[in-house]
Amino acid sequence: MDVLTAQKKGKKAILFVDDESIILLSMKSQVKHHFGEQFKYLTAENAKEAWDLIVDFEEEGNSVAIIISDWSMPGMNGDEFLRKVHKQFPSIEKVIITGFAEETLVDALQKEIGLITCLKKPWDEKELIAAISQAIES
């Protein structure tokens, strides 16, 4: 893709959502190290902040390509947040990350919103990169 085409399409972003800032920093660092300037990297500490970021980013002519969200967060859990995102922005690829989730709940979410994968905490950097690579190719 040439530079003009990239500019016309706006910037693509990966959005990380987790209520623990150290996890946000760690994931962002690992992903940015691998993908470099291919994406803009956004972080949010809760679903409301993430939603506002998506809306603002999209209004500026950019797009969020992938969301990597924690499952368990105060206010609104990641599964509920990703369902909301899917209704409004179905083209955004979605990954959920959790320390504890029943497989039946993950399977149901996957069927409902086309979840790319569910990563377990602590995540493996190779699995995180593979999930994003898979989402890019979708």
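Residues numbered from 1 in each chain as written. Predicted model: local features only at pLDDT ≥ 70, side-chain atom pairs only at ≥ 80, totals over all residues. Heavy atoms only, no water.

The name recorded for the chain in an unreviewed UniProt entry is Response regulator, from Leptospira yanagawae.

Trainee: Could you give me a rundown of helix H6 (residues 125-137), with the residues and numbers involved?
Mentor: For H6, built from 13 residues, the straight-helix expectation of 18 Å at 1.5 Å per residue is met to within 8% by its first-to-last C-alpha distance of 19 Å. Along H6, the residues classified as buried are Leu128, Ile129, Ala131, Ile132 and Ala135. Buried residues of H6, seen end-on, are gathered within an arc of 155° and therefore sit on one face of the element. The exposed residues of H6 that point more than 90 degrees off its buried face are Lys126 and Glu137. In this fold, the buried residues of H6 make contact with strand E1 (12-17), helix H2 (21-35), strand E3 (63-70), strand E4 (93-98) and strand E5 (117-120). If you check the start of H6, you find a side-chain oxygen 3.0 Å away from the backbone N of lysine 126, and it comes from aspartate 124. (Helix = DSSP H or I, 4+ residues; strand = E, 2+ residues; numbered from the N terminus. Expected span 1.5 Å × (residues − 1). Buried < 20%, exposed > 50% of the residue type's maximum accessible area, 1.4 Å probe, protein only. Arc of directions from axis to C-beta. Contact = heavy atoms within 4.5 Å. Polar contact = N/O pair within 3.5 Å; in protein donor to acceptor, adjacent residues only side chain to side chain.)

Trainee: I'd like a rundown of a negative patch on the surface, residues and numbers included.
Mentor: Where like charges cluster on the molecular surface, the negative patch consists of Asp19, Glu20, Glu45 and Glu49. Turning to its location among the elements, aspartate 19 is positioned in the loop between E1 and H2. Accessibility expressed as a relative area gives 31% for aspartate 19, which makes it partly exposed. (Patch = residues over 30% accessible without salt bridge, like charges linked within 9 Å, V, L, I, M, F, W, Y side chains within 5 Å. Areas by Shrake-Rupley, 256 points an atom, 1.4 Å probe, with all protein chains shown as cover. Salt bridge = Lys/Arg side-chain N within 4 Å of Asp/Glu carboxyl O. Lys, Arg positive; Asp, Glu negative; His and termini not counted. Charge placed at Lys NZ, Arg CZ, Asp CG, Glu CD.)

Trainee: Break down the pattern of salt bridges for me, citing the residues and quoting the values.
Mentor: Tallied over the full model, the rule gives five salt bridges. The residue lysine 121 makes a salt bridge to aspartate 70 at a minimum N-O spacing of 3.2 Å. Taken together, the residues lysine 121 in the loop between E5 and H6 and aspartate 70 in strand E3 connect sequence positions 51 residues apart. A residue is classified by how much of its surface remains accessible, and aspartate 70, at 4% relative accessible area, is buried. Put simply, glutamate 112 and arginine 83 hold a salt bridge, and the shortest N to O gap is 2.8 Å. Of this pair, glutamate 112 sits in helix H5 (residues 103-113) while arginine 83 is found in helix H4 (residues 78-88), placing the two residues 29 residues apart along the sequence. Judged by its relative accessible area of 24%, arginine 83 is partly exposed.

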